Amino acid sequence: MKFTKMHGLGNDYIYVNGFEENVDNKSELAIELSKSHFGIGSDGIIFINPSEVADCEMEMYNADGSRGEMCGNGVRCVAKYVYDNGIVESKTINVETLAGIKKIDVTVDEETNKVKSAKVDMGAPILEAEKVPCDPSCFKNNKSDDRYNNMIKSAELEVVTRKFKVTCVSMGNPHAIVYINEPVEEFLLDYWGPLFESHPAFPNRVNTEFVRVIDRNTVEMRVWERGSGETLACGTGATAVAVSSIINGYTGNEVTVKLLGGDLLIEWDGNENHSAFMTGPATKVFDGEVEI
């Protein structure tokens, strides 16, 4: 099977051209090839397939074999792949995902004619608790907000022996945003991340972002992704963090989110019916071929 290794800020996936490759047992393949010592090493596999409703489809599997609805860093790389390889000639690319069709505007290097960055219409955030989904009965002292119906905002969630203030947002996949006071590099993510992922408050498990606000325009975060563990970047997570930070009044409507792999710019006007936009790089590492 031919593949391309790509990453968005270190959030790396194995990309397979589904226009040419016919692959069975995709979930099992994701588990095996994502292993860093016995496989290729990645946060998962993304198959780029034909679509009847968009320019292509992004079929995503996490490193544990579970299906992912959407990945912001991954969809930027999908746009780069289809443009750089001539599958799509337009600089505006529509990609079908389990979280809906995503529109991506790519920026192309004039010398190489290759995509160097992309701006993704991430769609409108989903704030209603049951649609995230999360269980409101697990939270205490929820801060009601007349602007947004039935959302979990800075609510108290007890995880083992510690009480956290949590805001819940879906960007097509569920996110729990937790604000902390210490620098994110000091936070014990390997301990707390799995506990959040499997907490009863989240029936479909959850991606968890631990966030420190730096100023009105900047936050830093680390992320524990369901099915993959800690990753260097998460596009949907960064978008959810920006949405949460705007709703909670910590930042303005343009937020630079600093991740371990680099920075993403997120823009959202605060209207829950309006899209959030994410801008960041997409990078090809190498092409390869593997026996399956």
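Residues numbered from 1 in each chain as written. Predicted model: local features only at pLDDT ≥ 70, side-chain atom pairs only at ≥ 80, totals over all residues. Heavy atoms only, no water.

**Considerations on the overall build of the protein chain**
Counting its secondary structure elements, the protein chain contains 4 helices and 18 strands. Its C-alpha atoms give the protein chain a radius of gyration of 18 Å, near enough to 19 Å, the size a compact globule of 292 residues would have. Considered along the principal axes of its C-alpha atoms, the protein chain spans approximately 55 × 40 × 35 Å. The burial tally for the protein chain puts 55% of its 292 residues in the buried class. A sequence separation of at least 24 residues applies to 60% of the contacts in the protein chain between residues at least 6 apart. Carbon and sulfur atoms provide 44% of the accessible area of the protein chain, an area that totals close to 12600 Å². (Helix = DSSP H or I, 4+ residues; strand = E, 2+ residues; numbered from the N terminus. Rg over C-alpha atoms; globule rule 2.2 N^0.38 Å. Buried < 20%, exposed > 50% of the residue type's maximum accessible area, 1.4 Å probe, protein only. Contact = heavy atoms within 4.5 Å. Areas by Shrake-Rupley, 256 points an atom, 1.4 Å probe, with all protein chains shown as cover.)

**As for the pairing of strand 17 (residues 276–281)**
Here strand 17 shows a buried face lined by Ala276, Met278 and Gly280 and an unburied face lined by Phe277, Thr279 and Pro281. By the bridge criterion, 3 bridges tie strand 16 (residues 262–267) to strand 17 in an arrangement that is antiparallel. Within strand 17, the position partnered with Glu267 by the bridge is Phe277. (Pairing = 2+ DSSP bridges.)

**Considerations on the pattern of salt bridges**
One pass over the full model with this rule turns up 16 salt bridges. Among the ionic pairs, Lys119 bridges to Glu267, the shortest N-O distance being 3.7 Å. One end of the pair, Lys119, is in strand 8 (residues 115–123); the other, Glu267, is in strand 16, and 148 residues separate them in sequence. We classify Lys119 as partly exposed; its relative accessible area is 32%. A relative accessible area of 21% places Glu267 in the partly exposed class. (Salt bridge = Lys/Arg side-chain N within 4 Å of Asp/Glu carboxyl O.)

**Considering helix 2 (residues 72–84)**
Between its terminal C-alpha atoms helix 2 stretches 18 Å, which fits the 18 Å expected from 13 residues at 1.5 Å a residue. The buried count for helix 2 comes to 13 of 13 residues, which makes it a mostly enclosed element. One or two positions beyond helix 2, positive phi appears at Gly86, with a value near 75 degrees. (Expected span 1.5 Å × (residues − 1).)

**Remarks on the side chain of Thr97**
You can see Thr97 is positioned in strand 6 (residues 92–97). Given a relative accessible area of 9%, Thr97 falls into the buried group. There is a polar contact of 3.0 Å between the side chain of Thr97 and the backbone nitrogen of Ala99. A distance of 2.7 Å separates a polar side-chain atom of Thr97 from the backbone oxygen of Gly100. (Polar contact = N/O pair within 3.5 Å; in protein donor to acceptor, adjacent residues only side chain to side chain.)

**As for the packing of aromatic side chains**
Under the definition given, this model contains 11 aromatic pairs. Aromatic pair Phe164 and Phe196: ring centres 5.1 Å apart, planes at 70 degrees, arrangement edge-to-face. Separated by 32 residues along the polypeptide, Phe164 in strand 10 (residues 162–170) and Phe196 in helix 3 (residues 189–197) bring together distant segments of the chain. By relative accessible area, Phe164 is classed as buried at 3%. Both rings, one in Tyr179 and one in Tyr250, keep their centres 4.8 Å apart while their planes meet at 70 degrees; by these two values the pair is edge-to-face. Of the two residues, Tyr179 is situated in strand 11 (residues 174–179) and Tyr250 in the loop between helix 4 (235–247) and strand 15 (254–259); the sequence distance between them amounts to 71 residues. Its relative accessible area of 33% is what places Tyr250 among the partly exposed residues. One aromatic cluster is present, formed by Phe164, Phe187, Tyr191, Trp192, Phe196 and Phe210 through successive ring pairs. Geometry around Phe47 places Lys26 over its ring, the cationic atom sitting 4.7 Å from the centre. (Phe/Tyr/Trp six-rings, centres within 6.5 Å; stacked < 30°, edge-to-face > 60°. Lys NZ or Arg CZ within 6 Å of the ring centre and 35° of its normal.)

**Remarks on the pairing of strand 1 (residues 2–8)**
In terms of burial, strand 1 is largely enclosed, as 5 of its 7 residues are buried. Where strand 1 meets strand 18 (residues 283–289), 6 bridges bridge the pair, whose relative direction is antiparallel. Each residue of the ladder has a partner; that of Thr4, found in strand 18, is Asp287. Where strand 1 and strand 2 (residues 11–17) come together, 5 bridges link them in antiparallel fashion. Pairing of Gly8 across the sheet is with Asn11, part of strand 2. Counting the residues between successive antiparallel strands, the hairpin from strand 1 to strand 2 contains 2 residues, one of them, Leu9, with a positive phi of roughly 55 degrees.

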